[in-house]
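# Architecture at a glance
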Amino acid sequence: MPFMTELLPDGARVFVAGHRGLVGSAVVRRLTAEGHPVLVRTRAELDLRDAAATAAWLRQTRPDAVVLAAARVGGIMANSTYPVQFLEDNLRIQLSVVAGAHAAGVPRLLFLGSSCIYPKFAPQPIREDALLTGPLEPTNEAYALAKIAGIVQVQSYRRQYGAAYVSAMPTNLYGPGDNFDLATSHVLPALIRRFDEAERSGAPEVTLWGSGTPRREFLHVDDLAAACTLLLRSYDADEPVNVGCGEDLTIRELAETVSGVVGYRGRIGWDTAKPDGTPRKLLDVSRLFALGWRPRIALRDGVAQVHRQWRAQAAGDAAGSAPDPGAEPTAAAH
Ligand SMILES: NC(=O)c1ccc[n+]([C@@H]2O[C@H](COP(=O)([O-])OP(=O)(O)OC[C@H]3O[C@@H](n4cnc5c(N)ncnc54)[C@H](OP(=O)(O)O)[C@@H]3O)[C@@H](O)[C@H]2O)c1
């Protein structure tokens, strides 16, 4: 297909910024499987906040495309404790990488936004044009504003220079390389760890925050990576593109799925004195579906895979640190 070849030629060399992260590592796996040479740099080798060093490296290597999956990412606690770093690190990374790529003549770039940068009360399912139409979730406002600046930066390079730079807006992700630290993890890996530990210790009940009624959407990161390469090959327009599975479920259903996969036989309790968060967060994925993409990994299969990963990690962790009871998983997934 000539149009697709023009946007991301076969064998194009792609720089994946943030290749050790949940998203970046999945994108590297996918690009490699599709036959693309991938360029990477660890943070120690190249701090992407350093604009001069990043520009020099991009000038020297001149990749055919860049996927910007490097970011300072964290949960509610980290976001509210370090808003300065969440704002400034992300702004600096974006400025370095997007401006550096353009200066080096890199023709193609995909920026990763996030569903959590849409307005707190956006109509559901959330369409891409809901961006900038209302107040943000206050707990991650600094992070969201930085990421919104990245979306506008990408659009500005398109408008002013005609650059084929685009943005994707992924929903809550999970998958290989997930973070199981209960103080900082997202809801899904936290549930896997808690049910697994309860099953192994024979605990009669696992108590979770809230009522279990909020609805959330979850996508396996390998499905996101497939969407990223599709967008690189075939999407070239101003508007960001939502990436989600198009279906949500309640946190209660999620907990039941995870406990079933893990084989936990005790009760699931709900501490309704704890906050619930937004009642629903689901992306409208019609734009991406119109490009022919569909998610491939069923939630139960993905949870089973991540559970196996957690078991391997827990078995290899001689210290076996106990979960922090003050850091119960909530529905406030990023
Ligand atoms: N995870 C989700 O559920 C989710 C959902 C929607 C959108 N997203 C978006 O996807 C992107 C990636 O998220 P993620 O979950 O993959 O995050 P992650 O696992 O924390 O990975 C982020 C990566 O960025 C790198 N990085 C951070 N600061 C850097 C710097 N100054 N210089 C060089 N590298 C730096 C990190 O390097 P180190 O390994 O050295 O720390 C890490 O490899 C973000 O833009 C996020 O908003 C994620």
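Looking at an unreviewed UniProt entry, one finds the chain named GDP-L-fucose synthase and attributed to Actinacidiphila bryophytorum. The Sequence similarities (unreviewed entry) comment attached to the chain in UniProt states, word for word, "Belongs to the NAD(P)-dependent epimerase/dehydratase family. Fucose synthase subfamily." The annotation that UniProt attaches to the chain under Pathway (unreviewed entry) is "Nucleotide-sugar biosynthesis; GDP-L-fucose biosynthesis via de novo pathway; GDP-L-fucose from GDP-alpha-D-mannose: step 2/2."

### Observations concerning the sheet that holds strand 11 (residues 249-250)
The strand order 11-8-13 describes an open sheet built from three strands, whose pairing is mixed. One side of each edge strand has no neighbouring strand; the edge strands of this open sheet are strand 11 and strand 13 (280-281). Pairing of strand 8 (residues 215-216) with strand 13, which is carried by two bridges, proceeds in the parallel orientation. If you follow R215 over to strand 13, its bridge partner there is R280.

### Some details on the UniProt feature "binding site: substrate" (unreviewed entry) in the chain
Residues given the UniProt feature "binding site: substrate" (unreviewed entry) here are R194, W209, R216 and D276. Here W209 shows up in strand 7 (residues 205-209). Looking at where D276 falls in the secondary structure, it is placed in the loop between strand 12 (267-271) and strand 13.

### Examining the site of the ligand
Near the ligand you find 24 residues, and of these G18, G21, V23, S114 and L173 are the closest. For the shell around the ligand, the secondary structure elements donating two or more residues are helix 2 (22-33) and strand 6 (172-174). Top element by residues in the shell around the ligand is helix 2. It accounts for three residues. Broken down by class, the residue content of the shell around the ligand amounts to eleven nonpolar, eight polar and five charged.

### A closer look at the packing of helix 2 against helix 8 (residues 221-234)
At a minimum axis separation of 8 Å, helix 2 and helix 8 run at an interaxial angle of 60°. Classified by the angle between their axes, helix 2 and helix 8 sit oblique to one another. Crossing angle aside, the handedness with which helix 2 passes helix 8 is right-handed. Of the residues in helix 8, those in contact with L22, V23, A26, V27, R29, R30 and L31 of helix 2 are V221, D222, L224, A225, A226, C228 and T229. Classifying every residue of the contact of helix 2 with helix 8 by side-chain character gives ten nonpolar, one polar and three charged.

### Examining helix 5 (residues 83-103)
Taking 1.5 Å per residue, 21 residues should reach 30 Å; helix 5 reaches 30 Å between its end C-alpha atoms and fits that length. Every buried residue of helix 5 is listed here: F86, D89, N90, I93, Q94, S96, V97, V98, G100, A101 and H102. One or two steps after helix 5, the chain reaches G105, where phi turns positive at roughly 80°.

About the cut-offs
- Residues numbered from 1 in each chain as written.
- Predicted model: local features only at pLDDT ≥ 70, side-chain atom pairs only at ≥ 80, totals over all residues.
- UniProt positions renumbered as here; feature names shortened; annotations may be inferred.
- Pairing = 2+ DSSP bridges.
- Helix = DSSP H or I, 4+ residues; strand = E, 2+ residues; numbered from the N terminus.
- Near = placed C-beta within 6 Å.
- Nonpolar A, V, L, I, M, F, W, Y, C, P; charged D, E, K, R; others polar.
- Axes fitted to C-alpha atoms, helices over the stretch in contact; angles between N-to-C directions.
- Parallel < 35°, antiparallel > 145°, perpendicular 65-115°, else oblique.
- Left-handed = near helix turned anticlockwise from the far one by under 90°.
- Contact = placed C-beta atoms within 7 Å.
- Expected span 1.5 Å × (residues − 1).
- Buried ≥ 20, exposed ≤ 12 C-beta atoms within 10 Å, placed from the backbone.

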